[in-house]
Amino acid sequence: MAKEARHDRMGDLLSRTNVKSRIESPEGLSLNEFSYQLFQAYDWYHLFQTYGCAVQLGGNDQTGNMQSGHDFIKRATGKSVFGLTVPLVKSSTGDKLGKSAGNAVWLSAAKTSPFELFQFLRNTPDADVEQMLTLFTFDPMKEIADLMKRHKAQPELYQAQMHLAQQVVLLIHGEAGLESARRCTAALFQSSAEALAGLSADELQSLYRGMPTTELLLEPGLTLLDLVMKAKCFPRREDAERVIQQGGVSINHRRIQQANYVLVYGEHVLPSDATLIRVGKKNFYLVRWKKDIS
């Protein structure tokens, strides 16, 4: 702080529109929130010094923070940098789309898989889909208008949302990503072992994001009861036996009601060396099978 904060000016920091409005609001402005612009300014300074980053692009709600970074770099280095703001993407209800709003999607497949991106766009409300097509595809406006006419005539087909999802996933992840999204979508809605067989283990993971995952060795004689206990699907064997007998456990979408049923590699292990366990209607567990290299 002693070294770098001398480049900041309190008058400038307090004059930012978002800072003034928060200070004057009933909730006020915490020191933590006020300091955010200082840290973001230093981030840009670091990027400028390390990588020569002279341009920052952000939503128009970041104007004040970008101004702070611009001023900081100018005073610290004597050099000019540039900020470019764009209007925020908002829903028809005025809600912001982004990580702070809790509904962000990412370009990286590691953060948002092609399937998750496809489903996010496929679920775009009718009131927002035309704006999204205009902003995020390269379709001519006439084609978008024609598509919207067909969509409004048969909204139950979701033609506009499907086209939006296909075009954006294709743009970001290419043909391979779009095919992955289609395979995952088919597996999700068909609920069949055949559809699951076409998925990789990573695609299975993205299909049921957040489900517990266990790595196991497929030992001879491993029963369904052994499997669900090793995968921590149940706290007690008695509970597992009861739910299995009641038909509450499925392996790769196939219900098995015998607790002592022995698992077979070619039958209960998918080509991706994975097994999907479902307990009840909504509880999913993924088992990745390790190779025996002994």
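Refer to the structure above for everything that follows.
K.L.:
Any chance you could explain helix H5 (residues 114-122) here in plain terms?
P.N.:
Every α-helix carries 3.6 residues per turn, so stepping three or four residues along brings you back to the same face. Buried within H5 we find Pro114, Phe115, Leu117, Phe118, Gln119 and Leu121. Turning to H5, the residues buried within the fold contact helix H6 (126-136), helix H8 (159-190) and helix H10 (201-207).

K.L.:
Looking at this model, I keep getting lost on the sheet that holds strand S6 (residues 274-279). Mind explaining?
P.N.:
Pairing between the strands of a sheet comes from backbone hydrogen bonds, and it takes one of two forms, parallel or antiparallel. If you trace the 5 strands from one edge of the open sheet to the other, you get S3-S7-S6-S4-S5, paired in mixed fashion. Each of the sheet's edge strands pairs with one partner strand only, and the pair in question is strand S3 (213-217) and strand S5 (254-255). Both strand S4 (residues 249-251) and S5 contribute to a ladder of 2 bridges, which runs antiparallel. Following the sheet pairing, serine 250 is matched in S5 by arginine 255.

K.L.:
Sorry if this is basic, but what is going on with the environment of asparagine 260 here?
P.N.:
On the secondary structure map, asparagine 260 appears in the loop between S5 and helix H13 (265-268). For asparagine 260 and leucine 225, which are 35 residues apart along the polypeptide, the C-alpha to C-alpha distance reads 6.3 Å.

K.L.:
Would you mind showing me how to read the packing of helix H7 (residues 141-153) against H8 here?
P.N.:
A pair of packed helices is characterised by two quantities: the angle between their axes and the separation of those axes. Contact pair H7 / H8: the axes reach a minimum separation of 8 Å and the direction vectors enclose 135 degrees. Classed by the angle they form, the pair H7 and H8 counts as oblique. Here Leu147, Met148, Arg150 and His151 of H7 lie close against H8, whose contacting residues are Gln159, Ala160, Gln161 and His163. Here the residues of the contact of H7 with H8 sort into 3 nonpolar, 4 polar and 1 charged.

K.L.:
Is there a simple way to think about the environment of glycine 52 in this case?
P.N.:
Relative to the elements of secondary structure, glycine 52 occurs in the loop between helix H3 (31-51) and strand S1 (55-59). Considered as a pair, glycine 52 and valine 81 are 29 residues apart in the sequence and their alpha carbons are 9.7 Å apart.

K.L.:
I would appreciate a short explanation of the side chain of serine 206 in the present structure.
P.N.:
As for its placement among the helices and strands, serine 206 is situated in helix H10. Excluding its chain neighbours within four sequence positions, the residues that come into contact with serine 206 are Ser113, Phe115, Glu116 and Cys184.

K.L.:
Can you help me understand the packing of aromatic side chains in this one?
P.N.:
The relative placement of two aromatic rings is captured by the distance of their centres and the angle of their planes. Under the criterion given, the structure shown has 3 aromatic pairs. When the ring of tyrosine 45 is compared with that of phenylalanine 72, the centres are 5.2 Å apart and the planes differ by 75 degrees; the resulting orientation is edge-to-face. With tyrosine 45 in helix H3 and phenylalanine 72 in helix H4 (residues 63-77), the pair connects residues that are 27 residues apart, well separated along the chain. Each of the two residues, tyrosine 45 as well as phenylalanine 72, counts as buried. Aromatic ring contacts, followed pair by pair, group Tyr42, Tyr45 and Phe72 into a single cluster. Geometry around tyrosine 158 places arginine 122 over its ring, the cationic atom sitting 3.8 Å from the centre.

Cut-off values and rules
- Residues numbered from 1 in each chain as written.
- Predicted model: local features only at pLDDT ≥ 70, side-chain atom pairs only at ≥ 80, totals over all residues.
- Heavy atoms only, no water.
- Buried < 20%, exposed > 50% of the residue type's maximum accessible area, 1.4 Å probe, protein only.
- Helix = DSSP H or I, 4+ residues; strand = E, 2+ residues; numbered from the N terminus.
- Contact = heavy atoms within 4.5 Å.
- Pairing = 2+ DSSP bridges.
- Axes fitted to C-alpha atoms, helices over the stretch in contact; angles between N-to-C directions.
- Parallel < 35°, antiparallel > 145°, perpendicular 65-115°, else oblique.
- Nonpolar A, V, L, I, M, F, W, Y, C, P; charged D, E, K, R; others polar.
- Phe/Tyr/Trp six-rings, centres within 6.5 Å; stacked < 30°, edge-to-face > 60°.
- Lys NZ or Arg CZ within 6 Å of the ring centre and 35° of its normal.

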